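Take a look at the letters that make up each chain.
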Amino acid sequence: MAEIQKERKYWDEHIETMPREELEKLQLERLKETVKFAYENSPYYKRSFDAAGLKPEDIHELSDLSKFPFIDKKTERETQGVGSFLGELCCVPEEEVIFISSSSGSTGVPTISPFTKEDFDEFQNTESRWFWQVGMRPKDRYIHALNFSLYVGGPDVIGAQNLGALCIWGGTLPSERLLFVLKTYQPTIIWTSPSYAWYLGETAKKHGIDPKKDLSIRTIIVAGEMGGSIDTTRKAIEDLWGAKVYDFYGLSDIYGACAAMCDAKDGLHIAEDQIYVETVDIHTGKIIPNGEVGELVYTTLRKKARPMIRFRTGDIGRIDQTKCSCGRTHGRIHILGRKDDMFIVSAVNVFPSDIEAVIRGIDGITGEYLVRIYEKDLTCKYNVEVEKNSDNPESDEDLAARVSAAIKARVGVKPAKVVIHPDGALNTRSEHKSKRIIDERSLSYNI
Ligand SMILES: [Zn+2]
């Protein structure tokens, strides 16, 4: 672990500000090691590379990776438990594995993610990097309000401890208990989901607690939903709490957080010393030049227990590898949404996150919303439902027209209908991940 110094700007200056050329050299070296290690130790990778007529020695430069086959969630599910408990993607004997996390299984059989001691320590050192990046220092009190049960984001709290912060393992406490902890112990930094950060702030106010005056939270880390990267949503949470909000991004298949915002708040720096990023066409899988929008594909460069080589994430976004104003040289990812959440209306790709960005920026409505996707005459349509503020004198017709026009301007295609509800009528406020998209389509759509 790096020596803890109070005043330095970066957690690991050498790695974080490495010139691009040097960083790519390091990536190539690590990529060669990873591909060789996977080929020699995982029955699945050996079989898959052999079938493609490829050997680890075929990697001469980073772009050679594009010849190698993809893996995805399905690969994880199909190889899990095959041959051994940890399955055919695993490259080490079980006795070298010290930790496994498990995905939520919300989209199928839960997948497990194994770590060796070395993997785990490196994972936590990367988390320390992100915490330091958002301003956490040893004098901070940090409350980790994420699920600890099986969830890969649970152990991220160790990264904060290693940094020297005072850590409170909050987990998923009921809101009233959590508010008691916030009031009594006065932590300065919290990590939770964006919808819960909003819910908690509103709940505090209902209990006569002003999040800005009665609590000491000055930084909120959010992850697990798109909100932290939607400017209007982030701003709304910042205003509610009087705190800075930073978005983190993780994958149960890799790390609790693989990428994090810096003060520039222009995308999330991804740990390029740990992960090699490719962008591919969602239909053909062909490489798209860096900077353009496509599906993000990750290859881990250090993980030994289960290296992920060309893992299709299902996340649509782009990577910006220009140097950031914060001085870090690692690329920044901009996620538009999940491939599964995207829908197509009149040949326009619509992301629910874009709709949210509009809704959260409109005056006279609460910011709660529901998107209903359905078919009519074999065509995909969508309705948007919002809540009118109780003190808004505007007619429902005028408000609906205003919301519709704002969505059209950002998304490119207007909703078939905007439904106006009274304040509090939409049942979307939730302690957990909010369900805001209802897909009523019966046809299957290939995108
Ligand atoms: Zn930056």
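Keep in mind that what you see is a predicted model, and the values were worked out from it rather than measured.

A. The overall build of the protein, seen in detail. Looking only at helices and strands, the protein has 11 helices and 19 strands in total. A burial count over the protein gives 43% of its 447 residues as buried. Considering only residue pairs separated by 6 or more positions, the protein has 65% of its internal contacts joining residues 24 or more positions apart.

B. Examining the domain arrangement of the protein more closely. Each assigned domain of the protein is listed here: domain 1 (1-339) and domain 2 (343-439). With centres defined by C-alpha atoms, the gap from domain 1 to domain 2 works out at 30 Å. Listed as interface residues are 15 residues of domain 1 and, on the opposing side, 13 residues of domain 2. Listing elements by their share of the side of domain 1 that touches domain 2, those giving two or more residues are helix H8 (194-206), helix H9 (231-241) and strand S13 (332-338). In terms of residue count, H9 provides more of the side of domain 1 that touches domain 2 than any other element does, 4 residues in total.

C. Region of the structure containing the nonpolar core. Counting residues in hydrophobic clusters, the biggest one holds 86 residues, and the most contacted among them are Ile220 and Cys258. The greatest single-element share of this core, amounting to 5 residues, is contributed by H8. Every residue in contact with Ile220, bar those within four places of it in the chain, is listed here: Ile190, Ala197, Ile237, Trp241, Ala243 and Val245.

D. How the structure looks around helix H11 (residues 396-411). Counted at 1.5 Å a residue, the expected span for H11 with its 16 residues is 22 Å, and the 22 Å between its end C-alpha atoms agrees. The complete set of buried residues in H11 reads Val403, Ile407 and Val411. Projection of H11 onto a plane perpendicular to its axis shows the buried side chains occupying an angular sector of 45°, all on one side. The exposed residues of H11 that point more than 90 degrees off its buried face are Glu397, Asp398, Ala405 and Ala409. Contact partners of the buried residues in H11: strand S15 (348-350), helix H10 (352-359), strand S17 (379-388) and strand S18 (417-422).

E. Geometry of the environment of Glu33. Here Glu33 shows up in helix H2 (residues 20-41). Residues Glu33 and Leu301 lie 268 residues apart in sequence; the distance between their C-alpha atoms is 8.0 Å.

F. Expanded view of the sheet that holds S17. Overall, mixed pairing links the 4 strands, which are arranged S18-S17-S16-S19 in an open sheet. Of all the strands in the sheet, the pair left with one neighbour each is S18 and strand S19 (437-439). Across the sheet, the axes of successive neighbouring strands diverge by a mean angle of 20°, strand direction being ignored. Bridging between S17 and S18 involves 6 bridges; their strand directions are parallel. Note on S18: the bridge partner recorded for Lys388 is Pro422.

G. How the structure looks around the pairing of strand S10 (residues 275-280). Within S10, 5 of the 6 residues are buried, which leaves the element mostly enclosed by the surrounding structure. Bridging between S10 and strand S11 (residues 294-300) involves 6 bridges; their strand directions are antiparallel. Bridging from a neighbouring strand, Thr279 pairs with Leu296 of S11.

H. Structural context of the sheet that holds S11. The strand order across the open sheet formed by 11 strands is S4-S3-S5-S6-S7-S8-S9-S13-S12-S11-S10, and the pairing between neighbours is mixed. Edge strands, defined here as strands with exactly one partner in the open sheet, are strand S4 (166-168) and S10. For this sheet, the mean inter-axis angle between neighbouring strands, taken without regard to orientation, is 35°. Direction of pairing for strand S3 (residues 141-144) relative to strand S5 (residues 189-192): parallel, over a ladder of 3 bridges.

The rules behind the values
Residues numbered from 1 in each chain as written. Predicted model: local features only at pLDDT ≥ 70, side-chain atom pairs only at ≥ 80, totals over all residues. Helix = DSSP H or I, 4+ residues; strand = E, 2+ residues; numbered from the N terminus. Buried ≥ 20, exposed ≤ 12 C-beta atoms within 10 Å, placed from the backbone. Contact = placed C-beta atoms within 7 Å. Domains from an automatic or database assignment. Core = buried A, V, L, I, M, F, W, Y, C linked by C-beta atoms within 7 Å. Expected span 1.5 Å × (residues − 1). Arc of directions from axis to C-beta. Pairing = 2+ DSSP bridges. Axes fitted to C-alpha atoms, helices over the stretch in contact; angles between N-to-C directions.

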